[in-house]
Amino acid sequence: MSEHRILVTEPIPETVIDFLSTLGRVDVGVKGEFNNEDHLADVLPKYDALLCMLSTPVTEKVLTNASKLKIVANFAVGYNNIDVAAADHLKIKVANTPDVLTEACGDFALALLMATTRRFNEAEKYLREGHFKSWEPMGFLGMELREKTLGIVGMGRIGQAFAHRARAFGMKIAYHNRNRISPEIEHELGADFFDDLKELVSKSDVLSLNCPLTDETHHLIDEETLDLMQEHAILINISRGPVVDEAALAKALHSKKIAGAGLDVYEFEPKVHPDLLTAPNCTLLPHIASATHETREAIGMLAATAIKQVLQGVADKNITNLVTSKS
Ligand code: DGY
């Protein structure tokens with residue numbers, strides 16, 4: 001039997017590469033190398049397994065020529081970069097990395113909320129530019145969290161982890177989700193369900209996006225939704241950029257229709273809308289919600305384990321993190 005060949009599109013923790021090396025020959029790309037569809041389509045036919053990033057375009061074209069490929073394991077929980085329907089059709093398995101990044105993303109969402117409600121980036125810039133001459137009683141006033149409503153759009157694992165943390169700061173939790181969560185979890189989080197997204201948007205002091213990117217959630221937050229937000233309200237997005245119409249958001253920030261935004265993801269990532277770069281009170285981070293040593297290693301091991309299981313012929317029902325177009 002010939003040796004398995006595995007392509008890892010970018011450098012990832014060494015422990016994961018060592019683990020994959022027990023399964024066959026592993027080739028590791030350099031940063032950004034496989035964000036190019038044509039390049040990936042050219043090399044992929046040599047490989048049995050692909051461990052890729054959320055920036056890797058695993059399109060139908062890429063998959064169609066990859067006749068040896070058995071599995072695509074995404075180094076992320078979101079997998080909108082993969083044409084899962086095409087993979088299903090070609091009988092290529094797809095895996096993602098649920099659970100292992102929940103806590104890191106919950107921490108990060110809270111950090112982004114606090115940085116934005118307390119205007120950290122504006123204030124830091126002010127200091128770095130040498131404007132801090134004396135303590136100012138009216139300088140950089142922000143929003144306190146106690147008794148404020150955190151509206152969460154997408155109450156999955158990460159939304160719930162965020163809600164738990166926000167509760168500890170005295171926030172009230174409201175949410176909108178495709179399906180209502182269990183009464184036990186609603187009770188534990190003190191979370192109010194809003195069937196109507198618009199109502200949730202208009203009631204939230206902080207609106208947080210924690211939903212996957214799908215046809216239904218594309219531009220869920222557009223000019224019309226932003227108009228419903230309160231003037232002092234803040235938008236947080238750690239889900240996927242295209243959930244927000246970025247041009248509309250930049251306009252809302254510049255016209256002070258809303259008080260701020262904390263963003264970790266972008267509509268045309270890695271490009272950032274130029275009007276967001278100049279918008280007041282806008283915390284902009286380079287998609288780092290899951291970026292902790294512990295989590296990135298756990299993400300890698302979960303993706304690599306799915307590769308091992310598929311290459312060794314383990315039945316789908318015994319692999320916890322496979323996804324299909326019906327997931
Ligand atoms: C994911 O894994 O989908 C997240 O975007 C990482 O931050």
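Residues numbered from 1 in each chain as written. Predicted model: local features only at pLDDT ≥ 70, side-chain atom pairs only at ≥ 80, totals over all residues. Heavy atoms only, no water.

Its location among the elements puts glutamate 246 in helix α11 (residues 246-254). Buried charge without a partner: glutamate 246 forms no salt bridge, and the closest opposite charge is lysine 271, 10 Å away. Here the side chain of glutamate 246 touches histidine 273 through a polar contact of 3.4 Å, landing on its backbone nitrogen. Residues in contact with glutamate 246, not counting those within four places in the same chain, are Val265, Tyr266, Glu267, Val272, His273 and Leu276. (Helix = DSSP H or I, 4+ residues; strand = E, 2+ residues; numbered from the N terminus. Buried < 20%, exposed > 50% of the residue type's maximum accessible area, 1.4 Å probe, protein only. Lys, Arg positive; Asp, Glu negative; His and termini not counted. Salt bridge = Lys/Arg side-chain N within 4 Å of Asp/Glu carboxyl O. Polar contact = N/O pair within 3.5 Å; in protein donor to acceptor, adjacent residues only side chain to side chain. Contact = heavy atoms within 4.5 Å.)

For the rest of this paragraph, the subject is the sheet that holds strand β9 (residues 206-209). Spatial strand order, β8-β7-β6-β9-β10-β11-β12: seven strands in an open sheet with parallel pairing. Strands at the two margins of the open sheet, each flanked by one partner only, are β8 (191-193) and β12 (282-284). Here the strands of the sheet are splayed against their neighbours by 20° on average, with no regard to which way each runs. Across four bridges, β9 lies against strand β10 (residues 234-237) in parallel orientation. Bridge assignment links serine 208 to a residue of β10, and that residue is isoleucine 236. Contacting β6 (149-153), β7 (172-176) and β9, helix α7 (residues 157-168) crosses the sheet at an angle of about 175° to β6. Here α11 sits on the sheet in contact with β10, β11 (260-263) and β12, set at roughly 140° to β11. (Pairing = 2+ DSSP bridges. Axes fitted to C-alpha atoms, helices over the stretch in contact; angles between N-to-C directions.)

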